[in-house]
Amino acid sequence: MARNRNTEPLLLVGYDVSTTPPVLAAELAQAWADIQRYHPELPDLAAPESLIGESSSACGAELSFERLLHEAVHGIAAARGIRDTSRAGRYHNRRFLAVAEELGLDHPEEPHPSSGFSLVGLNPEAKRRYRQTAERLHRALKAHSVATAGDTARSFRGPAARHGSSGGGVRVKAVCDCGRNVRVVPSVLAQAPIMCGGCGKPFRIPEAVAVAG
């Protein structure tokens, strides 16, 4: 199915990236679109804001353009129906590495015993190709970090933060009409709809769960 390309890229004019988290989401979406320019089969990123505050030891704990390109490898593998990981998504196999090399990511060493070829890095050509994109995203991420730096140890952040939740809140199940479901932080879902890649309809939190929360 062809993806909708009618939406114009977001122009970040008049916004202050140091105080407006949605702008960081827009920068992530724009960086993803830059990758799609070279790899049109890459599916759209349903919810770029969901990557903010996320961490994955298997895919790279720190959000960066390199991490975003890593996620794009998974996106293309999914679009091709390639099983690129095993062991609950932690071990990245040689099929992952083959797609990663197409996108400009290298893994010069032997696979890690537990994560396989997960720790890939940008090759010189990819660094040149995405230099401006990576720099723009780095500035937005740095500004976002500065804006959230006021959350010191003296601030009360609630139980989710105290117990190490990486998403900034408790996740609940959101469902779509075709029966698929994802776990999201309600505040993230409230920022923008998360569209199902199967039926094209938005995920929603069931009323019973919403009331309980």
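Our structure's up above, just so we're on the same page.
Treat the numbers as computed from the prediction; the structure is a model and nothing was measured.

**Q** I would appreciate a short explanation of unusual backbone geometry in the present structure.
**A** What is expected of a backbone is that most residues other than glycine have negative phi and most peptide bonds are trans. In this structure, R87 takes a positive phi of about 55 degrees despite not being glycine. The topology assignment puts R87 in the loop between β1 (85-86) and β2 (91-92). Located in the positive-phi region is A88, a residue other than glycine, with phi close to 60 degrees.

**Q** Would you mind showing me how to read the state of the cysteines here?
**A** Two cysteines form a disulfide when their sulfur atoms are joined by a covalent bond. This model, assessed by the stated rule, comprises 0 disulfides. You can see C178 has no disulfide; the closest cysteine sulfur is in C176, sitting 3.1 Å from it.

**Q** Please explain the pattern of salt bridges as it appears in this structure.
**A** When their charged atoms lie close together, side chains carrying opposite charge are able to pair. Tallying each qualifying case throughout the model produces 10 salt bridges. A salt bridge links R136 to D34, with the nearest nitrogen and oxygen atoms 2.9 Å apart. Within this pair, whereas R136 is found in helix α5 (residues 131-147), its partner D34 is found in helix α1 (residues 21-38), the two being separated by 102 residues in sequence. For D34, a relative accessible area of 5% corresponds to the buried category. Taking the shortest distance from any N to any O, the salt bridge between D177 and K201 comes out at 3.5 Å. Within this pair, whereas D177 is found in the loop between β5 (172-175) and β6 (181-184), its partner K201 is found in the loop between α7 (186-191) and α8 (207-212), the two being separated by 24 residues in sequence. Take D177: its relative accessible area is 53%, and that puts it in the exposed class. Connected through shared salt-bridge partners, E27, D34, R37 and R136 make up one network.

**Q** I would appreciate a short explanation of the side chain of H70 in the present structure.
**A** Of note, H70 is situated in helix α2 (residues 65-80). What makes H70 buried here is its relative accessible area of 2%.

**Q** Got a minute to help me understand the packing of α2 against helix α3 (residues 94-102) in this structure?
**A** For any two helices packed against each other, one specifies the inter-axial angle together with the distance between the axes. Direction vectors running N to C along α2 and α3 enclose 115 degrees, while the axes themselves pass 9 Å from each other. In terms of their interaxial angle, α2 and α3 are classed as roughly perpendicular. Where α2 crosses over α3, the handedness of that crossing is right-handed. Listed contacts from α3 to H70, V73, H74, I76 and R80 of α2 are F96, V99, A100 and E102.

What counts and how
- Residues numbered from 1 in each chain as written.
- Predicted model: local features only at pLDDT ≥ 70, side-chain atom pairs only at ≥ 80, totals over all residues.
- Heavy atoms only, no water.
- Helix = DSSP H or I, 4+ residues; strand = E, 2+ residues; numbered from the N terminus.
- Disulfide = S-S within 2.5 Å.
- Salt bridge = Lys/Arg side-chain N within 4 Å of Asp/Glu carboxyl O.
- Buried < 20%, exposed > 50% of the residue type's maximum accessible area, 1.4 Å probe, protein only.
- Axes fitted to C-alpha atoms, helices over the stretch in contact; angles between N-to-C directions.
- Parallel < 35°, antiparallel > 145°, perpendicular 65-115°, else oblique.
- Left-handed = near helix turned anticlockwise from the far one by under 90°.
- Contact = heavy atoms within 4.5 Å.

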